[in-house]
Amino acid sequence: MSLQTKEEVLLDMRAAGSELGWLCSPQEEGWELLQTVVNGSLFYTYSVCSVLKGEQDNWLRTTFIQRRPAASRIFVELQFIVRDCNSFDGAPLSCKETFNMYAAEADADVGTSFRKGHFRKVATVAPDEISVRGDLKVNIETKVVEALSRKGFYLAFQDLGGCVALLSVRVYYKSCPAIVLGLAAFPDTVAGVDSVALREVSGQCVSNAVSMETPRMHCTLEGEWVVPVGQCQCQPGFEAVNQTCQACQPGFFKASVSSELCDQCPANTQRSLPGAQSCPCKEGFYRSPEDPQSAGCSGLPSAPRDVYATSITVGKLRLSWQPPLDTGGRDDMSYSVSCERCEAAACQPCGEELRFEPHSSDLRETRVTVVGLELGLNYTFTVEARSGVSQFSSSRATASLTTAVLHTDPPRVMLIRLEKQTATSLTLSWAVSQRTSRHAPRYELTYRKKDEGTTDITTYTVLVLEKNMVQISDLTPATTYVFRVTALSHEGTPNGEGKEHEFETLPQGQCGDQSPAVAGGLWVLFVLPHCRTVYRSKRRGSRARRGPEDTYFSSPEQLKPLKTYVDPHTYEDPNAAVLKFATEIHPSHITKQKVIGAGEFGEVYCGTLKVPGRKETMVAIKTLKPGYTEKQRREFLSEASIMGQFSHPNIIRLEGVVTKFKHAMIVTEYMENGALDKYLRAHDGEVSCYQLVGMLHGIAAGMKYLSDMNYVHRDLAARNILVNGSLECKVSDFGLSRVLEDDPEGTYTTSGGKIPIRWTAPEAIAYRKFTSASDVWSFGIVMWEVMAFGERPYWDMSNHEVMKAINEEFRLPAPMDCPSAVYQLMLQCWLQDRSKRPRFTDIVSLLDKLLRNPESLKTIADFDPRVSIRLPSTSGSDGSPFRSVAEWLESIKMSQYLENFSHAGIVTMEQVLQMKTEDVRNIGVRLPGHLKRIVYSILGLKDQISTLSVFAV
Ligand code: AMP
């Protein structure tokens, strides 16, 4: 589509009728004015026909034609008839079938003074169709007269001995008409001024619209508007309607300068006035400064519930509570706790000797530890629920609890007794020290076969129980088991280590004091659903195994143990957590060979682990740099406490830790190919699509395992996946501090905390809602990274642009050659509504299906080279075409082939554009991935150029 040309007529012979008054020279011969009647109307033509008179030089000159100041290029449309010389009997050789058109400029009308010498020839006019007597053919031709500069001009027609009738002469210039486009108004502009092919014209934004740069368009020689640059957008409170900016309707608003339409006022707001930039909150509802104007307003939270206190040790108390029933519709809930000490009805603030851990305000968890309490005093704790809008109201939602500090150690397990004994089961009970907590105690019972303590593999079974009695079934006859029972605090922290007790099952066939079968079922009821089994493998390479004890009871499926990840923070003593989940290694068994990476706490080495009696193995050794603080040491080792709880082929395996020596170390299996993102970048195009999907399947299986254990990773990205020599991928980078201090992608958000924006789900960025569903979003990004061979997600867009794009429903496009099913899965992972995203279990089974049926990977998702290889592949970063082959190759990250191009003599972009797939292959680009990348980019470039050249608005 082109925006219409306007023609401004300067002279029209037909319209002038008999008033023409053109000058003929010589006067009485040559050209003459004839009057004809066509269809009943009079019609004037100039004609000449002196063929038989021999050589001729007859001139016909127009009247003075005033030029418009800007019109330097004018068009002359001629309608004429020329007779065939052969149609005259005895026409001389001088007979002509053409005539000439001339022009002469002048600053004023010179009247009848006529000098041929003033005229310059414009064109020889020849007919397309020649006429014979009785069959007249009218020709139409348009000639251009350029570079006119004086006030006006004459046109003249020279006959050199032909037979010509001039039916019409129309003289006009073209202009691009005044127009409003992209909310910018452009003035009527004469085309072809100074013969410039594209005349750049600045526009002006319509009222209530603004633009970053002056909007511009280009007027062609033919009077067409092309190539608009820059756009105007409506100001806040206005939206574009038919090329004008109209105020938002009542009940709608628009907060920023944008091309968007006004949005309806969100929840809990008042109906806005016309032209609103925001909608004010309803009374009793507020908007936090961090909330966008598009967000609804929220109410204040109600009070926290069920505040209760649990003593941990003397002078130390754990306060816990339930979140408020009504959060006011917000997720940014925090709590603050204050304390008063009351003696004899007089209360006073608790003073500085009392401390809250981690702190007394801005608590995200529903608990706090209070330290420094005095025995026997009454303390009143007040817990206040706050949200992002609490600052706007003086009304506070609080709940209080008054508690006296007594001696409140959690109960201690005093004595374990064997109640019943059979060949396959043991029933135990135990006594506890006096109870002071108002909560019913829970117990952690750990047991293992005694003789396993001396072999390579020890399998512990851990049960969490609510009663001080349990029957354990399915044991091996005539075997000694070692039991340990500890009481758990209200938060699940074990109170001390607990003493070991040994009991033996009866030999097979021997009858003991058996309980009826149902008794086992009864005891089952006491077992909490989150029992877990911990397998400690002392032998490198051995995977977690299931012994007969793994099924504690001959009871239904749903009672099978479910492993749950235990946060090392729940341990009072983090060292105890490390020891519980990791094997201690003697440093003399470790040999460091070379540095392979830099972790947050110190170098990462590769080296060997040689434990006496076992084969030497390659390992990665993470070290803690000298000068660490105790806190850093704890955080460093926390990674081992977490990793040690996992046992899965797609989770990096912990070999053990060194904690008892000055230089603490974490030893894990060695992954020869290092981090996945770097590996893929280095092997772009070399790994098959099937293999890539296989890698994703591995990562998904690891993540399914983690999510089944209720562990949320928070930093899933290709850089945190390690690859071994067989291209197996394993999830790594655990640890408590890592979120996300050591990740270079971590960016501080307004809510505090560091977040790797382009890998993180919107709800986790917005209000730190990290769940397995947000891990699924990140997995989608990892899928994209893998299928794009380590390309940076969202290329060089800024974090801010990424968040904006996601908010506007933009999603990464399919990478090149990505199977459609795989891209569909990515899109599912990036659903805004996290409850609609697939779970890892769904992802694993889908990828599994695809791998079992490789045909399903053959349908390739639509790929737009201009988007997927990033826009700069079709133009330089400023939008202009590439200036050199080097610049172009650099933009598509293929600089390594620059020499191949120059050797082949391809040194300009024009030459590049001529290349076919074969040519690119012939200059030495052999890898399929690279070949495709280069060829697609060339196609994209061509596409862009043709779009520009046929550019139409
Ligand atoms: P991290 O502190 O875990 O991020 O480790 C830093 C870097 O060390 C990683 O990016 C890897 O390049 C390397 N690395 C860490 N663990 C291993 C391992 N098990 N095998 C091979 N390389 C590793």
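The paragraphs below set out a description of the structure included in this document.

Procedures and definitions
Residues numbered from 1 in each chain as written. Predicted model: local features only at pLDDT ≥ 70, side-chain atom pairs only at ≥ 80, totals over all residues. Heavy atoms only, no water. Helix = DSSP H or I, 4+ residues; strand = E, 2+ residues; numbered from the N terminus. Expected span 1.5 Å × (residues − 1). Buried < 20%, exposed > 50% of the residue type's maximum accessible area, 1.4 Å probe, protein only. Near = heavy atom within 4 Å. Polar contact = N/O pair within 3.5 Å; in protein donor to acceptor, adjacent residues only side chain to side chain. Areas by Shrake-Rupley, 256 points an atom, 1.4 Å probe, with all protein chains shown as cover. Nonpolar A, V, L, I, M, F, W, Y, C, P; charged D, E, K, R; others polar. Pairing = 2+ DSSP bridges. Axes fitted to C-alpha atoms, helices over the stretch in contact; angles between N-to-C directions. Contact = heavy atoms within 4.5 Å. Disulfide = S-S within 2.5 Å. Phe/Tyr/Trp six-rings, centres within 6.5 Å; stacked < 30°, edge-to-face > 60°. Lys NZ or Arg CZ within 6 Å of the ring centre and 35° of its normal. Core = buried A, V, L, I, M, F, W, Y, C linked by side-chain atoms within 4.5 Å. Arc of directions from axis to C-beta.

## Considering helix α6 (residues 689-708)
- Across its 20 residues, α6 extends 28 Å between first and last C-alpha, which sits within 8% of the 28 Å expected from 1.5 Å per residue.
- In terms of burial, α6 is largely enclosed, as 14 of its 20 residues are buried.
- At the exit of α6 stands N710, carrying a positive phi of roughly 65 degrees.

## What about the site of the ligand?
- Around the ligand there are 14 residues in total, and G599, K622, T668, E669 and M671 lie nearest to it.
- M671 is positioned such that a nitrogen or oxygen atom in its backbone is 2.9 Å from a nitrogen atom of the ligand.
- In the complex, the protein chains occlude 85% of the 480 Å² of accessible area that the ligand would expose alone.
- Listing elements by their share of the shell around the ligand, those giving two or more residues are β42 (590-598), β44 (617-623) and β46 (665-669).
- Ranked by the residues each element gives to the shell around the ligand, the list is headed by β42, at three residues.
- Here the shell around the ligand is built from residues that sort into eight nonpolar, three polar and three charged.

## A word on the sheet that holds strand β45 (residues 654-658)
- Strand order in the open sheet made by the five strands is β42-β43-β44-β46-β45, with antiparallel pairing throughout. Of all the strands in the sheet, the pair left with one neighbour each is β42 and β45. Taken over all neighbouring pairs, the strand axes of this sheet differ in orientation by 30 degrees on average, direction set aside.
- Where helix α4 (residues 630-643) meets the sheet, its contacts fall on β44, β45 and β46, and the angle it forms with β46 comes to roughly 35 degrees.

## Thoughts on the state of the cysteines
- Scanning the entire structure with this criterion turns up nine disulfides.
- Bridging C234 to C245, the disulfide has an S-S length of 2.1 Å. Taking the torsion about the S-S bond as the criterion, the C234 to C245 disulfide, at about -90 degrees, is left-handed. On the criterion of sequence distance, the pair formed by C234 in strand β21 (residues 233-234) and C245 in strand β23 (residues 244-247) is long-range, its members being 11 residues apart. Comparing C234 with C245, the two get one shared label, buried.

## Overview of unusual backbone geometry
- The linkage connecting S25 with the following residue, P26, adopts the cis geometry, with an omega of -5 degrees.
- Considering the arrangement of structural elements, one finds P26 in the loop between β2 (23-25) and β3 (32-38).
- For the bond from E357 to P358, the omega torsion is 5 degrees, close enough to zero to count as cis.
- Position of P358 relative to the elements: it lies in the loop between β30 (355-357) and β31 (367-371).
- Residues other than glycine seldom take positive phi values, yet R714 does so here, at roughly 75 degrees.
- Within the secondary structure, R714 is located in the loop between α6 and β47 (721-723).

## A word on the packing of aromatic side chains
- Considering all chains together, one arrives at 29 aromatic pairs under this definition.
- Chaining the aromatic ring pairs together yields one cluster made of W22, Y46, F80, F99 and F157.
- Sitting over the ring of F75, K174 keeps its end group 4.6 Å from the ring centre.
- Above the plane of the ring of Y605 lies K592, whose end atom (NZ or CZ) is 4.8 Å from the centre.

## Things to note about the nonpolar core
- Within the largest apolar cluster, 76 residues are counted, with the highest numbers of intra-cluster contacts made by F646, L676, I699, F734 and F779.
- When residues no more than four places from it in sequence are discounted, the contact partners of L676 are M695, I699, A718, I721, V723, C729 and V786.
- Counting 33 residues, the second largest nonpolar core, distinct from the first, contains L20, V48, F80 and V125.

## Re the environment of V464
- Inspection of the secondary structure assignment puts V464 in strand β37 (residues 457-465).
- On the accessibility criterion, V464 (3% relative accessible area) is buried.
- The sequence separation of V464 and V485 amounts to 21 residues, and the corresponding C-alpha distance is 9.7 Å.

## Side note on helix α11 (residues 840-852)
- In this model, α11 (13 residues) spans 18 Å end to end at C-alpha, consistent with the 18 Å of a helix rising 1.5 Å per residue.
- Those residues of α11 that fall on the buried side of the exposure criterion are F840, I843, V844, L847, L850 and L851. When α11 is viewed along its axis, its buried side chains cluster within an angular range of 130 degrees and face the same direction. Across α11 from its buried face, at more than 90 degrees, point the exposed residues K849 and R852.

## Looking at the sheet that holds strand β20 (residues 225-229)
- The strand order across the open sheet built from three strands is β16-β19-β20, with neighbouring strands paired in antiparallel fashion. Taken across any chain shown, the strands that pair with only one partner, and hence form the sheet edges, are β16 (198-202) and β20. Going from strand to strand, the sheet's axes swing by 25 degrees on average, the running direction of each strand aside.
- Two strands pair when backbone bridges link them, and strand β19 (residues 216-220) and β20 are joined in this way by three bridges, in the antiparallel orientation. Among the inter-strand pairings, R216 is bridged to a residue of β20, identified as V229.

Honestly, that's just the spatial picture; any functional story needs more than this.
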